[in-house]
Amino acid sequence: MTTPLQTSRVPVAIVGAGPAGLMLSHLLARVGIESINIDIRSRKEIEETHRAGILEQGSVDMLLDGVSDRVLRDGHRHDGIELGFGGEGHRINFRELVGASAYLYPQTDVFIDLADARERDGGDVRFSVTDVSVDDLLGSPVMRFTDADGVAHEVRADYLVGADGSRSICRQAVPEAERTQYFHEYPFAWFGILAEAPPSSPELIYSRSDDGFALISQRTETIQRMYFQCDPKANVDDYSDDRIWDELSKRVEPNGFTLKTGPVVQKTVLPFRSFVQTPMRYGNMLLAGDAAHTVPPTGAKGLNLALADVKVLAEELEIAIKGKDLSALDRYTERALDRVWKAQHFSYWMTSMLHTHENATVFDNRRQLGELAMVTGSEHGRRYLAEAYTGWPIARKDA
Ligand code: PHB
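Rules and cut-offs
Residues numbered from 1 in each chain as written. Predicted model: local features only at pLDDT ≥ 70, side-chain atom pairs only at ≥ 80, totals over all residues. Heavy atoms only, no water. Helix = DSSP H or I, 4+ residues; strand = E, 2+ residues; numbered from the N terminus. Rg over C-alpha atoms; globule rule 2.2 N^0.38 Å. Buried < 20%, exposed > 50% of the residue type's maximum accessible area, 1.4 Å probe, protein only. Near = heavy atom within 4 Å. Polar contact = N/O pair within 3.5 Å; in protein donor to acceptor, adjacent residues only side chain to side chain. Areas by Shrake-Rupley, 256 points an atom, 1.4 Å probe, with all protein chains shown as cover. Nonpolar A, V, L, I, M, F, W, Y, C, P; charged D, E, K, R; others polar. Phe/Tyr/Trp six-rings, centres within 6.5 Å; stacked < 30°, edge-to-face > 60°. Salt bridge = Lys/Arg side-chain N within 4 Å of Asp/Glu carboxyl O. Axes fitted to C-alpha atoms, helices over the stretch in contact; angles between N-to-C directions. Parallel < 35°, antiparallel > 145°, perpendicular 65-115°, else oblique. Contact = heavy atoms within 4.5 Å. Core = buried A, V, L, I, M, F, W, Y, C linked by side-chain atoms within 4.5 Å. Pairing = 2+ DSSP bridges.

- In the nomenclature of an unreviewed UniProt entry, the chain corresponds to 4-hydroxybenzoate 3-monooxygenase from the organism Nocardioides yefusunii.

1. Looking at the overall build of the chain
Here is step 1 of the chain: Along the chain, the regular secondary structure elements total 12 helices and 21 strands.
Here is step 2 of the chain: Taking 21 Å as the expected radius of gyration for a compact globule of 399 residues, we find that the chain reaches 22 Å, a close match to that expectation.
Here is step 3 of the chain: The principal-axis extents of the C-alpha atoms in the chain amount to approximately 65 × 50 × 40 Å.
Here is step 4 of the chain: Here the chain holds 399 residues, and 55% of them are scored as buried.

2. Some words on the site of the ligand
Here is step 1 of the chain: Around the ligand lies a shell of 16 residues, among which Y206, S217, R219, Y227 and G299 are the nearest.
Here is step 2 of the chain: With respect to the ligand, the backbone of G53 contributes an N or O atom lying 3.4 Å from an oxygen atom.
Here is step 3 of the chain: The contact in question runs from an oxygen atom of the ligand to an N or O atom on the side chain of R219, over 2.9 Å.
Here is step 4 of the chain: About the coverage of the ligand: the protein hides 100% of its 280 Å² of free accessible area.
Here is step 5 of the chain: Grouping the amino acids of the shell around the ligand by side-chain chemistry returns nine nonpolar, four polar and three charged.

3. Some thoughts on the packing of aromatic side chains
Here is step 1 of the chain: Under the definition given, this model contains 19 aromatic pairs.
Here is step 2 of the chain: With a centroid separation of 5.5 Å and an interplanar angle of 55°, the aromatic rings of W190 and F272 are classed as tilted. Here F272 lies in the loop between β17 (264-270) and β18 (273-278) and W190 lies in strand β13 (residues 189-196), a separation of 82 residues in the sequence.
Here is step 3 of the chain: On the basis of relative accessible area, F272 is assigned to the buried category, the value being 5%.
Here is step 4 of the chain: An angle of 45° between the planes, with centres 4.5 Å apart, marks the rings of F191 and Y239 as tilted.

4. A look at the pattern of salt bridges
Here is step 1 of the chain: Taken as a whole and assessed by the stated rule, the structure comprises 34 salt bridges.
Here is step 2 of the chain: Taking the shortest distance from any N to any O, the salt bridge between K342 and D338 comes out at 3.3 Å. With K342 and D338 both in helix α10 (residues 327-354) and four residues apart, the pair spans about one turn of that helix.
Here is step 3 of the chain: Residue K342 is classed as partly exposed on the basis of its relative accessible area of 34%.
Here is step 4 of the chain: Judged by relative accessible area, which is 35%, D338 ranks as partly exposed.
Here is step 5 of the chain: Residue E379 pairs with R383 through a salt bridge whose shortest N-O separation is 2.9 Å. Here the residue E379 and the residue R383 both occupy positions in helix α12 (residues 379-390), the gap between them amounting to four residues, near one helical turn.
Here is step 6 of the chain: Among the charged side chains, a salt-bridge network with shared partners connects R43, E47, D116 and E119.

5. Quick look at the packing of helix α11 (residues 362-377) against α12
Here is step 1 of the chain: Close contact between α11 and α12 brings their axes to 4 Å; oriented N to C, the two are set at 90°. It follows that α11 is roughly perpendicular to α12 by the angle criterion. Of the residues in α12, those in contact with V375, T376 and G377 of α11 are E379, G381, R382 and L385.
Here is step 2 of the chain: For the contact of α11 with α12, the residue count by class is two nonpolar, three polar and two charged.

6. Details of the nonpolar core
Across soluble globular proteins, nonpolar side chains have a tendency to be buried as a group.
Here is step 1 of the chain: In terms of nonpolar packing, the biggest core is built from 104 residues, with V161, Y206, L317 and Y389 touching the most fellow members.
Here is step 2 of the chain: Broken down by element, this core gets its largest block of residues, 12 residues, from α10.
Here is step 3 of the chain: With residues up to four places along the chain from it excluded, the contact list for Y206 reads I81, E82, L83, G84, F213, A214, L215, T298, G299, M350, L354 and Y389.
Here is step 4 of the chain: Counting residues in hydrophobic clusters, the runner-up holds 19 residues, among them I193, M226, C230 and L259.

7. So, the sheet that holds strand β3 (residues 54-56)
Here is step 1 of the chain: Spatially, β3-β7-β4 is the arrangement adopted by the three strands of the open sheet, whose pairing is antiparallel. The sheet is open, and its two borders are formed by β3 and β4 (76-78), each paired with just one other strand. Going from strand to strand, the sheet's axes swing by 35° on average, the running direction of each strand aside.
Here is step 2 of the chain: Direction of pairing for β3 relative to strand β7 (residues 102-104): antiparallel, over a ladder of three bridges. In the sheet register, L55 faces β7, and the bridge partner there is Y103.
Here is step 3 of the chain: Running over the sheet, helix α3 (residues 57-64) touches β3 and β7 and is turned about 85° from β3.

8. A few points about the pairing of strand β9 (residues 130-135)
Here is step 1 of the chain: With four bridges connecting them, β9 and strand β10 (residues 142-146) associate as antiparallel partners. Paired with T130 across the strands is T146, a residue of β10.
Here is step 2 of the chain: Hairpin geometry of β9 and β10 is characterised by an intervening segment of six residues between the two adjacent antiparallel strands and by a positive phi of about 55° at D136.

Written out as structure tokens, the structure reads:
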């Protein structure tokens, strides 16, 4: 016997229950606006998807505002980074330059905090759903799905938000004539590992060598996260632990750093791409986070951008819903993209300054070293990097 279709109505339906979707429902709940989140992934699957690990101060503040203060206990404040090139390390001191810091707090922990907070606050979040589709986006949008118990649902909403990641079905629902897409592809990827080892350095090391780029990041006292530039077609099975440590050490040791090694417990190849779709609105559907834009991982802006998007979106949805002012939704794209394009530039710039490529000439390599020397050797250069890394203020509504 098939169970009947469950129909319901809610002000905001959110496709996606990753950090962007859950932070949005949290922010809406705080101003008394009800929503529902759905996700095709299980909670466990999302918890085990390793992504970047750096939060801007503004992202930390969003967590502290009613989600959880665990970031203050389990996260680590980093007041700078090391840039390795030309045989030595160059510290960029964020605190001294711009009075701000970044926090090492992995995306998986951000997700856990948000999922726990939604559960604590009685939020309606459905994981492991199937058959997701969206419809009537120019009118009163509909979100359809089958829940984990096999019950089919049809949720009608005033607004639908696509916070469903880089393979977003919501983004794909926007007709081609109604949107513009901007792409940039890179001729390399990152090989990412988790290793059982103590930290190699108190702060993150971004290291450029003629053999390519490497990033030495961290997770805990006993687990470290590291990356090195690789071919986008690289196969993780071709990389033994010895080969991985060899690739990493030849990229960081010439710059004066020593790696603490140990068993590699996880390996993945991360794609590299810059992408923006605009506008971030189609009728009564709004896109947020990776659904609307992706950045390469250099500089760890992806999660921070997603959280900044939903902060702006929650403000504009509140105005649209409570004040019945629809121009609020038009402002969303403009306000969100202001930051997105700055982050696109920063991620592209960090990437191109630190990575080598197959066809690089000796000239290209020397020029790159010249750029790094200029950035680290001038107060302006260091300040630009520090300001972008620690994050910009969110554009004001009336800006
Ligand atoms: C990470 O720890 O995963 C990480 C940190 C900084 C980045 C990218 C990734 O720029």
